Amino acid sequence: MYQLTHALDKVRGIGDSWTTALAKKNINSILDFLLYLPIRYEDRSQIFSIAQLKRLHNSVLVDDVNPGLKNEPNHQQQTSKFAKKERNYQAKQEFFTLVIKVKDYRQYYKGRLLIARATLVDQSGELPAIWFNNKFLKNKINAQQQYYASGQWKNGSLLQANLEAITTDSPHTARLVPIYSQVTPFKQGSLRRLQKEIIDHLNPQEQLLAKQLTSSNSTSQVFSNVQEFFQALHFPQSSQDIIQAREQLALEEIIFLINKAKKLKKSWQENHTAPQIAINAQELIPSTLPFALTKAQQTAIKEISADLQKSTAMNRLLIGDVGSGKTAVAAIAAWHCCLAGHNAALIAPTQILAQQHLQSIKNLLPKQKVQLVTAQTSKNFKLDSATLYIGTHALINKLEIIKPALIIYDEQHRFGTKQRQSHQAHLLTMSATPIPRSLMLTIFAHLQSSILDEMPSNRVIAKSWVVPQVKEEAAIMWLAEQLLSSKDKQAFIVCPFIDPSQHAALENVAAVKNSLEQLEIILNKYYQQQGLAKNQHLKVAILHSRLKKQEQQAIIDRLYQKDIQILVSTPMIEVGIDLPNADLIVIQAAERFGLASLHQLRGRVGRAGQKSYCLLFSTQQTEPAPNNLLNRQESHKRLQIFAQEKDGFKLAQLDLQHRGAGDIFGSAQSGFNKLQFASWTNLKIIQEAKKISEEQLDYQSLLTAYFEKQDFLNTINNN
Ligand code: ADP
Ligand code: MG
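In this report, we go over the structure that sits alongside the text. (Residues numbered from 1 in each chain as written. Chains lettered and ligands numbered in written order. Predicted model: local features only at pLDDT ≥ 70, side-chain atom pairs only at ≥ 80, totals over all residues. Heavy atoms only, no water.)

1. Here we look at the overall build of the chain
Here comes step 1: If you tally the helices and strands in the chain, you get 23 helices and 23 strands.
Here comes step 2: Split into buried and exposed, the 719 residues of the chain put 56% on the buried side.
Here comes step 3: Across the chain, the fraction of contacts at a sequence separation of at least 24, relative to all contacts at a separation of at least 6, is 72%.
Here comes step 4: As presented, the chain carries roughly 31,700 Å² of accessible surface, and 50% of it is formed by carbon and sulfur atoms. (Helix = DSSP H or I, 4+ residues; strand = E, 2+ residues; numbered from the N terminus. Buried < 20%, exposed > 50% of the residue type's maximum accessible area, 1.4 Å probe, protein only. Contact = heavy atoms within 4.5 Å. Areas by Shrake-Rupley, 256 points an atom, 1.4 Å probe, with all protein chains shown as cover.)

As structure tokens, then:
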């Protein structure tokens, strides 16, 4: 029997190499491992024969092309029934699983694209298969071996089929199969086997989970024990299972946060003082600002400066949609502290962001002393006075020496964490997450809030288009033309989020490289058409988190110097590149992002108030979608809605309304949202959590140990 708190080496099948590999991902206990959740599920629950698959596509075709056929007396009822049933199935299902052998495997290059072809064989017939850029396939294929092949039907072939050898102990096929983010060097199958081993032998006596409200407003225990719960997360019977289990996780997380907030409020009230800052009401706003502040910004500054003048430490959240101008508000608060002779600190989640804050603050407050403190610059650190220190995690380590009167955190990675100050300071946290006021009071009972609900008047949301696949090449050429028309213009190309659980996943990096190759092919074609000489070509660079920090930095520098016109990047830019010149953004595989994330991404362009464009590409038709439970039409509709809607909060709510198993992954992908499982916009769950935390004062989720640890990680992992 395993307990959730057990160390992993207790598990049968886990040895040193496993514990080392898992420790790298900060997975140490059985609970940690069980919460290493699938990034998606593949539906291999229904096995098709080749003949069935062909018939399905032919009959659907006949039905669609000729609807009148159904009424003809000699139209076989059998076929019609089959077609209907199968079509319903297909509506939810893009992937088909076959049991086959592989023959006639061959591969070749077309340009830089590696193409592999083979014939799949079962007793009912043969089917061509095709793969792109799969370097590892060749070694894997054995003509004698039987495989489960899961792939997409495309013009009579099976596309990009995932092959899994059928062995005698292959317990996790012919069902919804969990797919995990890679734990190098281990295989998916081994991960699955270990999860199963643990779940099968989990002590069912473990404390139960919180009760969920049912629609009739009475509580019910959705999972009668933890075993059932983890079973639903890893080996669900249906997508309903996944939704229920994920909602349970979200509920537990919110309850944890509420309880934590209560504790924090108590300890805050007990012992937090900070320097009283003298502020001249006549000089609330510096005269150097290059623009007029919005009303919302002015109000926020008034609220903050009132707090700063008190001896009780401020603990305030500054919320505003992307581009609402939070930085200026924070900078002015810091400026007041520095005017009064104190230091201030602004802590950003990434080095890139810290750098950008430095740039924009120099612009807003040219006379203000500023100093950058990151892992790279900390050697040159100099203790000064009346200085605004801007940095990453490295700056947190210096707080004791700097003794700032005000600490500003950009983005919310501080939430819930233990106050680590031994000194006393005012705190301001900035967040772009749309949180309604009523929720604020519930979850962030320990915080005051200021809300920027108004955009600077010059700010226009990027005009957004969903680009049909046939027009993608033309769109890139249009983009090239735009960029060539003015030296000032810059564009981002954001690659698909292949592995949402990890920014730095190899798969994401591969996607960047792949996009770059495709882009270069189209650009070269364009240059040829236009007869452009080499020295007229656009400068293209890639950015992803696997690059060394110095390399990332070099690219950022070149971007600012306008030495790069196109940046191909993972969605890491979502967390905030503020390049005033960027005008264009292309988001590939846009259907994989939550709408709120897309909104964050498009907020990266047009920041100087210029006309800007956001092009949404969707690769669903040629590549396996990350989640085959989300259907294509739905996701297309979603993107269309996005293109028209400008309000970030409405988009976040739409994310929830269109909730299916597919969208559950939306929040994990968004990057700005540091909640692990819940979403700020899921009012129902938040209300439930509130009720539970009020009714059961001593409720302690059995996942608490995990949440505590994640919280901690959020503070240290972000530089
Ligand atoms: P966010 O709230 O997303 O952090 P920023 O603070 O980065 O937004 O501001 C976005 C852009 O808008 C910056 O280039 C900033 O200089 C500019 N900006 C901020 N406030 C105003 C304003 N009142 N009028 C015009 N531009 C503004
Ligand atoms: Mg910002």
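What follows continues from the structure just given.
2. A word on the site of ligand 1
Here comes step 1: Contacts to ligand 1 come from 16 residues, most closely from Gln297, Gly323, Lys326, Thr327 and Arg607.
Here comes step 2: Contact between ligand 1 and Gly325: an oxygen atom at 3.1 Å from a main-chain N or O atom of the residue.
Here comes step 3: In the model, an oxygen atom of ligand 1 is placed 2.8 Å from a nitrogen or oxygen of the Lys326 side chain.
Here comes step 4: Against a free-state accessible area of 560 Å², the protein chains account for coverage of 85% of ligand 1.
Here comes step 5: Considered class by class, the residues forming the shell around ligand 1 number five nonpolar, seven polar and four charged. (Near = heavy atom within 4 Å. Polar contact = N/O pair within 3.5 Å; in protein donor to acceptor, adjacent residues only side chain to side chain. Nonpolar A, V, L, I, M, F, W, Y, C, P; charged D, E, K, R; others polar.)

3. Re the pairing of strand 22 (residues 582-587)
Here comes step 1: The buried fraction of strand 22 amounts to six of the six residues, a majority that puts the element mostly inside the structure.
Here comes step 2: Where strand 19 (residues 490-494) meets strand 22, five bridges bridge the pair, whose relative direction is parallel. Paired with Ile493 across the strands is Val586, a residue of strand 22.
Here comes step 3: With four bridges joining them, strand 22 and strand 23 (residues 613-616) adopt parallel strand pairing. Within strand 23, the residue paired with Ile587 across the bridge is Leu616.
Here comes step 4: For the crossover that starts at strand 22, traverses helix 18 (residues 595-602) and ends in the parallel strand 23, the hand is right-handed. (Pairing = 2+ DSSP bridges. Right-handed = clockwise from strand over helix to strand, strands pointing away.)

4. Concerning the packing of helix 6 (residues 188-200) against helix 7 (residues 226-234)
Here comes step 1: Their axes nearest at 9 Å, the elements helix 6 and helix 7 cross at an angle of 160 degrees. By the angle between their directions, the pair helix 6 and helix 7 is classed as roughly antiparallel. Two packed elements cross with a definite hand, and for helix 6 against helix 7 that hand is left-handed. Contacts between helix 6 and helix 7 involve Gln195, Ile199 and Asp200 from the former and Gln227, Phe230, Gln231 and His234 from the latter.
Here comes step 2: Grouping the constituent residues of the contact of helix 6 with helix 7 by class yields two nonpolar, four polar and one charged. (Axes fitted to C-alpha atoms, helices over the stretch in contact; angles between N-to-C directions. Parallel < 35°, antiparallel > 145°, perpendicular 65-115°, else oblique. Left-handed = near helix turned anticlockwise from the far one by under 90°.)

5. Let's talk about the sheet that holds strand 11 (residues 315-320)
Here comes step 1: The seven strands are arranged 13-14-12-15-16-11-17 in an open sheet whose pairing can be described as parallel. Unpaired on one side and paired on the other, strand 13 (369-373) and strand 17 (448-452) mark the two borders of the sheet. Taking the axes of each pair of neighbouring strands and ignoring which way they run, one obtains an average angle of 20 degrees across the sheet.
Here comes step 2: Two elements, strand 13 and strand 14 (residues 387-391), share five bridges in a ladder whose sense is parallel.

6. Looking at the packing of aromatic side chains
Where two aromatic rings form a pair, the distance of their centres and the angle of their planes describe that pair.
Here comes step 1: Considering all chains together, one arrives at 11 aromatic pairs under this definition.
Here comes step 2: On the basis of an interplanar angle of 10 degrees and a centroid distance of 3.7 Å, the ring pair of Trp18 and Phe186 is categorised as stacked. Of this pair, Trp18 sits in helix 1 (residues 16-24) while Phe186 is found in the loop between strand 8 (176-179) and helix 6, placing the two residues 168 residues apart along the sequence. Each member of the pair, Trp18 as well as Phe186, carries the same accessibility label: buried.
Here comes step 3: Its guanidinium or amino end placed over the ring of Phe381, Lys398 lies 5.2 Å from that ring's centre, counting from NZ or CZ. (Phe/Tyr/Trp six-rings, centres within 6.5 Å; stacked < 30°, edge-to-face > 60°. Lys NZ or Arg CZ within 6 Å of the ring centre and 35° of its normal.)

7. Overview of the pattern of salt bridges
Here comes step 1: Enumeration over the complete set of coordinates arrives at 12 salt bridges.
Here comes step 2: For Lys310, the salt bridge goes to Asp307, with nearest N and O atoms at 3.9 Å.
Here comes step 3: The salt bridge partner of Lys539 is Asp563, with a shortest N-O separation of 2.9 Å. You can see Lys539 sitting in the loop between helix 16 (506-530) and strand 20 (540-543) and its partner Asp563 sitting in the loop between helix 17 (549-560) and strand 21 (566-569), a full 24 residues away along the chain.
Here comes step 4: Under the relative-accessibility criterion, Lys539 is labelled partly exposed at 40%.
Here comes step 5: The network of salt bridges with shared partners includes Glu303, Asp307, Lys310 and Arg316. (Salt bridge = Lys/Arg side-chain N within 4 Å of Asp/Glu carboxyl O.)

Just geometry here; none of it tells us what the structure is for.
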